[in-house]
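Chain and residue survey
So the chains spell out like this:
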Amino acid sequence: MQSVHRSLSAASLWGLVLLAVQCGSDSSSPIQVPTSGQCSSSTNPGQPFSSAPAIVPLVKLSTDTFTNSTSQHATEVEPDSYAWGQTIVAAFQVGRIHDGGAADVGYAISNDGGTTWQSGLLPGLTTFECSGKSSAVSDTAVIYDAAHAVWMISSLPISSTNIQVAVSRSSDGGVSWSNPVVVANGLDLDKDWVTCDNTATSPFYGHCYAEWDDNGNGNLIFMSTSSDGGLTWSAPVSTAGNADGLGGVPLVQPNGTVVVPYVANAPFIESFSSSDGGTSWSAPVVVAQVNDHPVAGGLRSDALPSAAMDAAGNIYVVWQDCSFRTNCVSNDLVMSTSADGVSWTTPARIPIDALASTVDHFTPGLGIDPATSGATAHLGLTYYYYPQANCTAATCALYVGFVSSLDGGNTWSTATPIAGPMSLSWLPSTFSGQMVADYVATSFAGGKAYGIFAVAGAKSGSTFDEAIYTTQAGLDVAATQAHDSSAGERVVVGPKPNAAFGAAPRKIR
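Before going into details, it helps to say that this report is about the structure given with it. (Residues numbered from 1 in each chain as written. Predicted model: local features only at pLDDT ≥ 70, side-chain atom pairs only at ≥ 80, totals over all residues. Heavy atoms only, no water.)

1. Focus on the overall build of the chain
Counting its regular elements, the chain contains zero helices and 33 strands. Across the 509 residues in the chain, those meeting the buried criterion constitute 63%. Within the chain, contacts between residues at least 6 apart in sequence are counted, and of these 60% link residues at least 24 apart. Accessible surface, the chain: about 16500 Å² in total, of which carbon and sulfur atoms supply 54%. (Helix = DSSP H or I, 4+ residues; strand = E, 2+ residues; numbered from the N terminus. Buried < 20%, exposed > 50% of the residue type's maximum accessible area, 1.4 Å probe, protein only. Contact = heavy atoms within 4.5 Å. Areas by Shrake-Rupley, 256 points an atom, 1.4 Å probe, with all protein chains shown as cover.)

2. Observations concerning the sheet that holds strand E19 (residues 306–309)
Through backbone hydrogen bonds, the strands of a sheet pair up, either in parallel or in antiparallel fashion. A sheet is described by the order of its strands in space; here four strands give the open sequence E19-E20-E21-E22, paired in antiparallel fashion. Bordering the open sheet on either side are E19 and strand E22 (348–349), each of which pairs with just one other strand. Of the strand pairs in this sheet, strand E21 (residues 332–338) and E22 are connected by two bridges, and their pairing is antiparallel. Across the sheet, the residue bridging to Met 335 is Ala 348, located in E22. (Pairing = 2+ DSSP bridges.)

3. Here we look at the state of the cysteines
Under the counting rule described, the total for this entry stands at three disulfides. Put simply, Cys 391 and Cys 396 are joined by a disulfide, and their sulfur atoms are 1.9 Å apart. Taking the sign of the torsion about the S-S bond as the criterion, the disulfide between Cys 391 and Cys 396, at about 90°, is right-handed. Grouping residues by exposure puts Cys 391 and Cys 396 together as buried. (Disulfide = S-S within 2.5 Å.)

4. Examining the environment of Gly 113
Mapping Gly 113 onto the fold places it in the loop between strand E5 (102–110) and strand E6 (118–121). The class for Gly 113 is buried, based on a relative accessible area of 9%. With 332 residues separating them along the chain, Gly 113 and Ala 445 place their C-alpha atoms 5.3 Å apart.

5. What to know about the pattern of salt bridges
In this structure the tally under the stated criterion is seven salt bridges. Here Lys 191 and Asp 139 are joined by a salt bridge, their closest N and O atoms 2.8 Å apart. Taken together, the positions of Lys 191 in strand E11 (residues 189–196) and Asp 139 in strand E7 (residues 136–145) put the pair 52 residues apart, joining distant regions of the chain. Per residue, the accessibility class of Lys 191 equals that of Asp 139, and both read buried. With a shortest N-O distance of 3.0 Å, Asp 332 and Arg 349 are connected by a salt bridge. One end of the pair, Asp 332, is in strand E21; the other, Arg 349, is in strand E22, with 17 residues separating them in the sequence. The class for Asp 332 is buried, based on a relative accessible area of 1%. Under the relative-accessibility criterion, Arg 349 is labelled buried at 2%. Three or more residues joined by partner-sharing salt bridges are found here, namely Glu 78, Asp 139, Lys 191, Arg 300 and Asp 438. (Salt bridge = Lys/Arg side-chain N within 4 Å of Asp/Glu carboxyl O.)

6. Things to note about the sheet that holds strand E25 (residues 397–405)
If you trace the four strands from one edge of the open sheet to the other, you get E23-E24-E25-E27, paired in antiparallel fashion. Of all the strands in the sheet, the pair left with one neighbour each is strand E23 (360–368) and strand E27 (416–423). Strand-to-strand, the axes of this sheet are offset by a mean angle of 20°, without reference to chain direction. One ladder, built from seven bridges, connects strand E24 (residues 379–386) with E25; its direction is antiparallel. Each residue of the ladder has a partner; that of Tyr 384, found in E25, is Val 400. (Axes fitted to C-alpha atoms, helices over the stretch in contact; angles between N-to-C directions.)

7. A word on the packing of aromatic side chains
A full pass over the atoms with the stated rule returns twelve aromatic pairs. Ring geometry for Phe 272 and Trp 281: centres 5.9 Å apart, planes at 85°, overall edge-to-face. Each member of the pair, Phe 272 together with Trp 281, is buried. Three or more aromatic residues link up through ring pairs in this structure, and these residues are Tyr 82, Trp 84, Tyr 144 and Trp 151. Cation over ring: Arg 300 sits above Phe 431, and NZ or CZ is 5.5 Å from the ring centre. (Phe/Tyr/Trp six-rings, centres within 6.5 Å; stacked < 30°, edge-to-face > 60°. Lys NZ or Arg CZ within 6 Å of the ring centre and 35° of its normal.)

Fair warning: the whole summary comes from geometry, so function is off the table for now.
Here is the structure:
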């Protein structure tokens, strides 16, 4: 088994991109630099930059140009993405606020399979952008509704007395975006997600499903359904057995069954499902026990699952876990799969590094080429890592990595360092630690994998330099060679839950 060499130089060059914004987000206007709170013209073509430690050229998709006093500028964190054909849409927080959320949700769009990008800001979410009413917004997720030809970005608009689950819609390919459609209201909602049934032969083709949890109600999970392109949503319902937890990722199989993996309040990855178009939801089943090594240096991190589906409807779930490491000294990324959302395989370690290595792996973002499935499914996995797990806030070196598989996860390529090292002092602070992301994303277009992730450079005085990036030309997964397998490895750590899995339901907005 090969291990990946991580000793890379620390120098980096940072590209500059100017983000401009407009109500309705017209992505065809010339670039201008707005003052925070103004609505002016919107496009931001991505700019290549080179980072000395990385071996892959990157494109900077956006930058934070807000100046509101409640945010830490310039910061962008926590992206999600989705691809449909040659179009890739990413969404992320812009101007991270310490107590939760950000000044707005930014987006970046490529209509040519990742060759060129434009970006903007969603209107109507916060007071900082185009007459919104909330003081912050958090937790973005992206989906395309093929039946109604609508792109959707879900989010959590936050005010002092209310938190909403909301969906912003685009029916013109991302050129313009609506003011948010409210799905739900509550005092303490958290970690929303959205998906749609895009299989034309499914009995529920065109149904879209929103998911979130209510932290003030023990992280009770709720679901809502739309059948009109996100214009209206059903009354929220909980599951049989009252599933509780956070970080649910709903996926719709070709037969219309919706499967939702999530991390439960107890130290387990669990899932529940619906086979009637979201009218009712099953009781949860256990996917696997979670053993999560606390990531060093005060970095905000949790064992949230990243989930994706292949063309045949097989579901793959990845999370950070220390079960294969003696004394739980660091996290690997592990994966379980299911054909029906009920029976799950025993988690297997993704062999990014040798078991004796000092590397800590966390915050995975899994993507699968939608033209592949089963034993020939192409998987791409973006993640963060420390080369040395037992570092401190002053010494931790944060990297972005990527690894892939051409056989449904049976064997894996040698890992590729994408960006880093980053100092934790370059990251914005939150109530639960320094933040780069609770999740990242990988999407496939034209057979190539595009990881979407936050990269930080050194601060200039009190000003941060953290933005959302992707690889300049995508990563050609089909051209890689499989080197590593974890076949035959056994768990060495028994149940040893992270302190995060305590009695009080946690929140990570």
